[in-house]
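Residues per chain, in single letters:
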Amino acid sequence: KVKKIHEYFDKDKDGYLNFQELSALQLVTSGQEMDGTQYGMVCQALQVAPSKGLPLDALKLTYAAGANIDDDYNKVFNPVKAQKEKNESTDDDVIEVGDGGGAIDISDP
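Think of each chain on its own: its residues are numbered from 1, step by step along the sequence as written. Given that this is a predicted model, residues contribute local features only at a pLDDT of at least 70 and side-chain atom pairs are listed and counted only at 80 or more, while totals for whole chains, interfaces and linings are drawn from all residues. To get the side-chain values, take all heavy atoms of the structure and skip hydrogens and water.

## Digging into the nonpolar core
Part 1 of the argument: Among the nonpolar cores identified, the biggest contains 17 residues, and Ile5, Leu17, Leu22, Leu25, Leu54 and Leu59 are the most heavily contacted of them.
Part 2 of the argument: Elements with a contribution of two residues or more to this core: helix 1 (2-9), helix 2 (19-30), helix 3 (36-45), helix 4 (56-64) and helix 5 (69-77).
Part 3 of the argument: Leaving out residues up to four positions away in the same chain, Leu54 has contacts with His6, Gly15, Tyr16, Leu17, Leu22, Val42, Cys43, Leu46, Val48 and Leu59. In this description, a nonpolar core means a group of buried Ala, Val, Leu, Ile, Met, Phe, Trp, Tyr and Cys residues linked to one another through side-chain atoms lying within 4.5 Å. Buried, partly exposed and exposed residues are distinguished by accessible area as a fraction of the type maximum, computed with a 1.4 Å probe on protein chains only: under 20%, between the cut-offs, and over 50%, respectively. Starting at the N terminus, helices and strands are each numbered in turn, a helix being any DSSP run of H or I of at least four residues and a strand any DSSP run of E of at least two. Note on definitions: a residue-residue contact is assigned when non-hydrogen atoms from the two residues lie within 4.5 Å.

## Some points on the pattern of salt bridges
Part 1 of the argument: One speaks of a salt bridge when a side-chain nitrogen belonging to Lys or Arg is within 4 Å of a carboxyl oxygen belonging to Asp or Glu. Under the criterion given, the structure shown has one salt bridge.
Part 2 of the argument: The partner of Lys1 in a salt bridge is Asp70, with the nearest N and O atoms 2.6 Å apart. Taken together, the residues span a long stretch of sequence, with Lys1 in the segment before helix 1 and Asp70 in helix 5 at a distance of 69 residues.
Part 3 of the argument: Judged by relative accessible area, which is 49%, Lys1 ranks as partly exposed.
Part 4 of the argument: By relative accessible area, which is 40% here, Asp70 ends up partly exposed.

## Things to note about the packing of helix 1 against helix 5
Part 1 of the argument: One way to put it is that helix 1 packs onto helix 5 with a least axis distance of 10 Å and a crossing angle of 40°. Relative to helix 5, helix 1 is oriented oblique. In terms of crossing hand, the pair formed by helix 1 and helix 5 is left-handed. Residues Val2, Lys4, Ile5, Tyr8 and Phe9 of helix 1 touch helix 5, and the partners they reach there are Ile69, Asp72, Tyr73, Val76 and Phe77.
Part 2 of the argument: Three residue categories are used. Nonpolar comprises Ala, Val, Leu, Ile, Met, Phe, Trp, Tyr, Cys and Pro, charged comprises Asp, Glu, Lys and Arg, and polar comprises the others, including Gly. A class-by-class count of the residues in the contact of helix 1 with helix 5 yields eight nonpolar, no polar and two charged. Every axis corresponds to a line fitted to the C-alpha atoms, with the helix fit spanning only the stretch in contact, and the corresponding angles, defined between N-to-C directions, vary from 0 to 180 degrees. Between 65 and 115 degrees an angle is taken as roughly perpendicular, under 35 as roughly parallel, over 145 as roughly antiparallel, and anywhere else as oblique. Take the far helix as the reference: if the near one is turned anticlockwise from it by less than a right angle, the crossing is left-handed, and if turned clockwise, right-handed.

Following this line, the structure appears as structure tokens:
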């Protein structure tokens, strides 16, 4: 799955995710844009040259460190399923007291 994600975002097919490509990946998977400072920090942490970007092995390390590959894979290749799962998990986190229009959400924020 990591290889498919890497290949999908490696638009210039050079084997590395440069700033623009990694930014696109982050936007799709987290909804947040990456800035140059964040990119530099990622490259430094993974010991890769910012001028080249992240090879497949470096991206694998990010997932080994705790990022959820299944969620990200679905966000990239099955966005409808990912949104449905997100909505379902969000619904489980809501606790309402009362009935009808008078229900009050007492979920933990």
